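# Descriptive structure summary
Here is what each chain is made of, one letter per residue.
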Amino acid sequence: MNAHTASLINAVLLIALSAWGYFSSQAPSMTALIPALFGVLLLLCYPGVKAQNKIVAHVAVVLTVVIVVALIMPLQAAIGRSDGTAMARIGIMLISSLFAVVFFVKSFIDARRAKA
């Protein structure tokens, strides 16, 4: 798998799972849609990442790292509530984002090696 595919999968998961969390809640909060916003931003970055534009790829990886950090608090809250569905949803978003970061880092390392 390459960075642009991992980023695309991550963006789709962020949008879908965030929307699911928002629309399935009895008292929806707009903050539940923050991962969806990041997913949309990552989708907008996708063409640049696929074209190996370094600036766009770095923007995408920064957005991905920010969402990883941002998902920690909701995961802790879901664990505190013993909400298994929310834990699974947030856990999947967190894992997909971490995988995307790994593939971004791998692509950056590969690009540097190819340059040398």
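Residues numbered from 1 in each chain as written. Predicted model: local features only at pLDDT ≥ 70, side-chain atom pairs only at ≥ 80, totals over all residues. Heavy atoms only, no water.

### What about the pattern of salt bridges?
Taken as a whole and assessed by the stated rule, the structure comprises two salt bridges. Across the salt bridge formed by Asp110 and Lys106, the nearest N and O atoms sit 2.9 Å from each other. Taken together, the positions of Asp110 and Lys106, both in helix H5 (residues 84-115) and four residues apart, correspond to about one turn of that helix. Classification of Lys106 by relative accessible area gives partly exposed; the value is 43%. (Salt bridge = Lys/Arg side-chain N within 4 Å of Asp/Glu carboxyl O. Helix = DSSP H or I, 4+ residues; strand = E, 2+ residues; numbered from the N terminus. Buried < 20%, exposed > 50% of the residue type's maximum accessible area, 1.4 Å probe, protein only.)

### Overview of the nonpolar core
Judged by nonpolar contacts, the single largest core of 20 residues is most densely connected at Leu42, Ala60, Leu71, Met93 and Phe104. Going through the elements one at a time, helix H1 (3-24), helix H2 (34-50), helix H3 (54-70) and H5 are the ones with two or more residues in this core. Setting aside anything within four residues of it in sequence, one finds Met93 in contact with Asn10, Leu13, Leu14, Leu17, Ser18, Pro35 and Leu71. (Core = buried A, V, L, I, M, F, W, Y, C linked by side-chain atoms within 4.5 Å. Contact = heavy atoms within 4.5 Å.)

### Remarks on H2
Between its first and last C-alpha atoms H2 spans 24 Å; for 17 residues at 1.5 Å apiece the expected length is 24 Å, and the two agree. Roughly 35 degrees is the biggest bend found in H2, and it falls at Leu44, with proline Pro47 one to four residues downstream. Turning to H2, its buried residues number three or more, namely Pro35, Ala36, Phe38, Gly39, Leu42, Cys45, Tyr46, Gly48 and Val49. Each element contacted by the buried residues of H2 is listed here: H1, H3 and H5. Positioned one or two residues after H2, Gln52 has a phi angle of 60 degrees, which is positive. (Expected span 1.5 Å × (residues − 1). Bend = angle between axes of the 7 residues up to and from the residue.)

### Brief notes about the packing of helix H4 (residues 72-81) against H5
Think of two packed helices as two axes; the pair is described by the angle between the axes and how far apart they sit. Interhelical geometry of H4 versus H5 gives an angle of 155 degrees and a closest axis separation of 9 Å. In terms of their interaxial angle, H4 and H5 are classed as roughly antiparallel. Both H4 and H5 take part in a crossing whose hand is left-handed. Facing H4, whose interface residues are Pro74, Leu75, Ala78, Ile79 and Arg81, H5 presents Ala86, Met87, Ile90, Gly91 and Leu94. Classifying every residue of the contact of H4 with H5 gives eight nonpolar, one polar and one charged. (Axes fitted to C-alpha atoms, helices over the stretch in contact; angles between N-to-C directions. Parallel < 35°, antiparallel > 145°, perpendicular 65-115°, else oblique. Left-handed = near helix turned anticlockwise from the far one by under 90°. Nonpolar A, V, L, I, M, F, W, Y, C, P; charged D, E, K, R; others polar.)

### What to know about the side chain of His4
Tracing the backbone through its elements, the reader meets His4 in helix H1. Residue classification places His4 among the buried residues on the basis of a relative accessible area of 17%. Side-chain polar atoms of His4 contact the side chain of Tyr46, separated by 3.5 Å. Contact partners of His4, with chain neighbours within four places excluded, come to Tyr46, Val49 and Lys50. (Polar contact = N/O pair within 3.5 Å; in protein donor to acceptor, adjacent residues only side chain to side chain.)

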